[in-house]
Amino acid sequence: FNSSEQFTDLRSGNMSYHHYEVIGRRKPKEVSRDIEAELEGKDVKTADAEDPKVYRMKIFAPNTVVARSRFWYFLSKLKKIKKANGEIIAVNEIFEKQPNHIQNYGLQLRYDSRSGTHNMYKEYRDTTLTGAVKKMYAELASRHRCRKSSIQIVRSCIVPDSKVTPRIKPFIGSGKDPTEFALMHRIPRPSSKRYKKVYSRHKPTTFF
């Protein structure tokens, strides 16, 4: 961990996610050498060094420690490779190119419930992919009582405004018809400093 703030986030449940690219492979087998024959000057044929296949996986995790753990978890299910006979080559964090633009993110996922394994497709509107993933984890935890460890994100994509699901359409506006949201709670501010009060006899009216 880089700072004590991450410990606070983990304890409070307000976890921020990062997008990591984890690259790993199976450890190459050691090439045995006949040192005695080499010292005697004999022509010894040595086997070529093994070059194992490299695997790359994109993982959403709060830190690099969790990202490495999830990488071995998923890779052990797909291939006959585990942490004991494998090695991590690199862990790179992926950042958004335009984090200030609102986009529609589609997430294809699979999760395990008490009754079985289910496939699901969800769309979220956010400025970053990690923000959309955080919303997805919160929604599945509330609607389906699903834990983060049982969710597998299969694929993510950016959906254009014309092809979004009906659930997202009310939040998309245009230049001629912008999206408007009602202000449910409005607290009136004093016109000047002289009318500002810390205590008042009447509670403020926030509904108009």
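Residues numbered from 1 in each chain as written. Predicted model: local features only at pLDDT ≥ 70, side-chain atom pairs only at ≥ 80, totals over all residues. Heavy atoms only, no water.

### Thoughts on the sheet that holds strand E5 (residues 117–126)
This is how it is decided: For two strands to count as paired, DSSP must find a minimum of two bridges between them. Note on conventions: DSSP H or I runs of at least 4 residues are helices, E runs of at least 2 residues are strands, and numbering of each starts at the N terminus. Angles run from 0 to 180 degrees between N-to-C directions of axes, and those axes are lines fitted to C-alpha atoms, restricted for helices to the stretch in contact. Whether two residues are in contact is decided by their heavy atoms: any pair within 4.5 Å suffices.
Pairing is antiparallel in the open sheet, where three strands are placed in the order E5-E4-E6. Because the sheet does not close on itself, it has two edges, and the strands there are E5 and strand E6 (151–159). The average undirected angle you get between the axes of adjacent strands in this sheet is 20°. With ten bridges connecting them, strand E4 (residues 103–112) and E5 associate as antiparallel partners. Bridging across to E5, Leu 107 finds its partner in Lys 122. Against the sheet, helix H4 (residues 129–143) engages E4, E5 and E6, with an angle of about 130° to E5.

### Describing the sheet that holds strand E2 (residues 54–61)
Here three strands make up an open sheet; going across it, the order is E2-E1-E3 and the pairing antiparallel. Every interior strand has two partners, whereas the edge strands, E2 and strand E3 (86–93), have only one. The mean inter-strand angle of the sheet, taken between neighbouring strand axes irrespective of direction, is 25°. In this structure, strand E1 (residues 18–26) lies alongside E3, joined through seven bridges in antiparallel fashion. From the neighbouring strand, Ile 23 faces E3, where its bridge partner is Ala 90. Each of E1, E2 and E3 touches helix H3 (residues 64–78); the most contacted strand, E2, lies at about 125° to it.

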